[in-house]
Amino acid sequence: MHIGIFTGVTDESIGPADLARAVEDRGFESLFVAEHTHIPVTVATPYPGGGEIPRDYYRNLDPFVTLSFAAAATQRLRIGTAVTLVVQRDPIILAKEVASLDLASGGRFELGVGVGWLREEMRNHGTDPRTRVALQRERLLAMNTIWTEEKAEFHGEFVDFDPLYSWPKPVQRPRPPVWIGGWGPSTHERILDHADGWLAPVGIPLDELAKGIRELQAVADCHGRPPVPVIATLFDPQAGDLERLADMGIHRTLLGLVPALAHDAALRKLDRFAEVRR
């Protein structure tokens, strides 16, 4: 099982280059970062974690800028998003950003995606929350066309473009790994339809995670597909948690450096995670 770090990088936290070097130097396999483009002043959508929306959500750096610095500062570290809000991004531009970062990093990028929860945020991008699942699917399929075809063309309900040229193509072929976040049967079906693995929700008890994995693999079996890789995230790993996740067959566990911390505090937390990993 690979072990990486998940965090949001903000204007108040350790910088992306220093963070990435510290993560790689401590032997972690990957660094995944979060995204919110903004937080509307007036919000009616309940925060999934309960209570107020965390301060970090207001102050996130753009994930692709963050990961560009991370890639330039490291040699082996895999980098990714958890998650990119595809329903808030133009698919032609996003396809180029993903391919460019994958090329510049030497094929180290992974794309975690989610449909989002903050309805006011996505409405500001012109996205109807009621159709965001279908919108994400079409944008991912359109991006895959851009990554894999010389003359890419796509005609759907939400995405429509005539043949176009777009380079670079990703180093990883046919594309960087795509991880879909979410929960339940519809998520499982979407993973099998247009992704490579499951980014399991954060904060769920390990017993529920194990149940979700069994359900996912049962769906894969029904489609004659091999086992689907899974990423889990732990914010406060306890003794035995990593061993249990490894026994579940988890592909990667991300340890949550949350909230985002200033330089010295972040290094101390990474040192503690390194001890837990051992």
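In short, a report on the structure. Just so you know, these numbers come straight off a predicted model, no measurement behind them. (Residues numbered from 1 in each chain as written. Predicted model: local features only at pLDDT ≥ 70, side-chain atom pairs only at ≥ 80, totals over all residues. Heavy atoms only, no water.)

1. A short note on the packing of aromatic side chains
Stage number 1. Counted according to the given criterion, the structure contains seven aromatic pairs.
Stage number 2. Ring geometry for Phe64 versus Phe109: centroids 5.7 Å apart, planes at 45 degrees, classification tilted. Here the residue Phe64 occupies a position in helix α3 (residues 63-72), and Phe109 occupies one in strand β4 (residues 109-113), the gap between them amounting to 45 residues. Phe109 shares its class with Phe64; the two are buried.
Stage number 3. Taking the centre distance of 6.4 Å and the plane angle of 35 degrees together, the rings of Phe154 and Phe161 count as tilted.
Stage number 4. We classify Phe154 as buried; its relative accessible area is 14%.
Stage number 5. Through successive ring pairs, a cluster of aromatic residues spans Tyr47, Tyr57 and Trp117.
Stage number 6. In this structure, Lys169 is placed above the aromatic ring of Trp167, and the distance from its NZ or CZ to the ring centre is 5.6 Å.
Stage number 7. Taking NZ or CZ as reference, Arg277 lies 4.5 Å from the ring centre of Phe28, over its face. (Phe/Tyr/Trp six-rings, centres within 6.5 Å; stacked < 30°, edge-to-face > 60°. Helix = DSSP H or I, 4+ residues; strand = E, 2+ residues; numbered from the N terminus. Buried < 20%, exposed > 50% of the residue type's maximum accessible area, 1.4 Å probe, protein only. Lys NZ or Arg CZ within 6 Å of the ring centre and 35° of its normal.)

2. Quick notes on the pairing of strand β1 (residues 2-7)
Stage number 1. Within β1, five of the six residues are buried, leaving the element largely enclosed by the surrounding structure.
Stage number 2. Pairing between β1 and strand β10 (residues 252-256): five bridges, direction parallel. Each residue of the ladder has a partner; that of Ile3, found in β10, is Thr253.
Stage number 3. Pairing geometry for β1 and strand β2 (residues 30-33), over three bridges, is parallel. Looking across to β2, one finds that Ile5 is bridged to Leu31. (Pairing = 2+ DSSP bridges.)

3. Re the pairing of β10
Stage number 1. Within β10, five of the five residues are buried, which leaves the element mostly enclosed by the surrounding structure.
Stage number 2. Judged by which residues are buried, β10 turns out to be covered on both faces: Arg252, Leu254 and Gly256 on one side and Thr253 and Leu255 on the other are all buried.
Stage number 3. Two strands pair when backbone bridges link them, and strand β9 (residues 230-234) and β10 are joined in this way by four bridges, in the parallel orientation. Considered in β10, the bridge of Ala232 is made with Thr253.

4. Topic: the nonpolar core
Stage number 1. Of all hydrophobic cores here, the largest spans 64 residues; its most connected members are Ile5, Leu31, Leu111 and Leu209.
Stage number 2. Leaving out residues up to four positions away in the same chain, Leu31 has contacts with Ile5, Thr7, Leu19, Ala20, Val23, Leu67, Ala70, Leu77, Arg78, Ile79 and Gly80.
Stage number 3. Core analysis: the second largest hydrophobic core is formed by ten residues, Phe6, Ala34, Trp179 and Leu254 among them. (Core = buried A, V, L, I, M, F, W, Y, C linked by side-chain atoms within 4.5 Å. Contact = heavy atoms within 4.5 Å.)

5. Thoughts on helix α10 (residues 263-277)
Stage number 1. Here α10 contains 15 residues, and its C-alpha end-to-end distance of 21 Å stays within 8% of the 21 Å for a straight helix at 1.5 Å per residue.
Stage number 2. Regarding α10, the residues found buried are Ala266, Leu267, Lys269, Leu270, Phe273 and Ala274. Down the axis, α10 shows its buried residues gathered within 165 degrees of arc, on one side only. Facing away from the buried surface of α10 by more than 90 degrees, the exposed residues are Arg268 and Glu275. (Expected span 1.5 Å × (residues − 1). Arc of directions from axis to C-beta.)

6. Observations regarding the packing of helix α7 (residues 185-194) against helix α8 (residues 206-222)
Stage number 1. Between α7 and α8, the shortest axis-to-axis distance is 10 Å and the interhelical angle comes to 50 degrees. Taken together, the axes of α7 and α8 lie oblique to each other. Crossing of α7 over α8 shows right-handed handedness. Contacts between α7 and α8 pair His188, Glu189, Ile191 and Leu192 from the former with Gly212, Glu215, Leu216, Val219 and Ala220 from the latter.
Stage number 2. Its residues placed into classes, the contact of α7 with α8 shows five nonpolar, two polar and two charged. (Axes fitted to C-alpha atoms, helices over the stretch in contact; angles between N-to-C directions. Parallel < 35°, antiparallel > 145°, perpendicular 65-115°, else oblique. Left-handed = near helix turned anticlockwise from the far one by under 90°. Nonpolar A, V, L, I, M, F, W, Y, C, P; charged D, E, K, R; others polar.)

7. Brief notes about the sheet that holds strand β3 (residues 78-84)
Stage number 1. Spatial ordering of the closed barrel is given by β1-β2-β3-β4-β7-β8-β9-β10, a layout of eight strands whose pairing is parallel. The sheet shows a mean angle of 25 degrees between the axes of neighbouring strands, taken without regard to direction.
Stage number 2. Bridging between strand β7 (residues 178-181) and strand β8 (residues 197-199) involves three bridges; their strand directions are parallel. Its bridge partner lying in β8, Gly181 is registered against Leu199.
Stage number 3. Against the sheet, helix α1 (residues 16-25) makes contact with β1 and β2, and its axis sits at roughly 145 degrees relative to β2, the strand it touches most.

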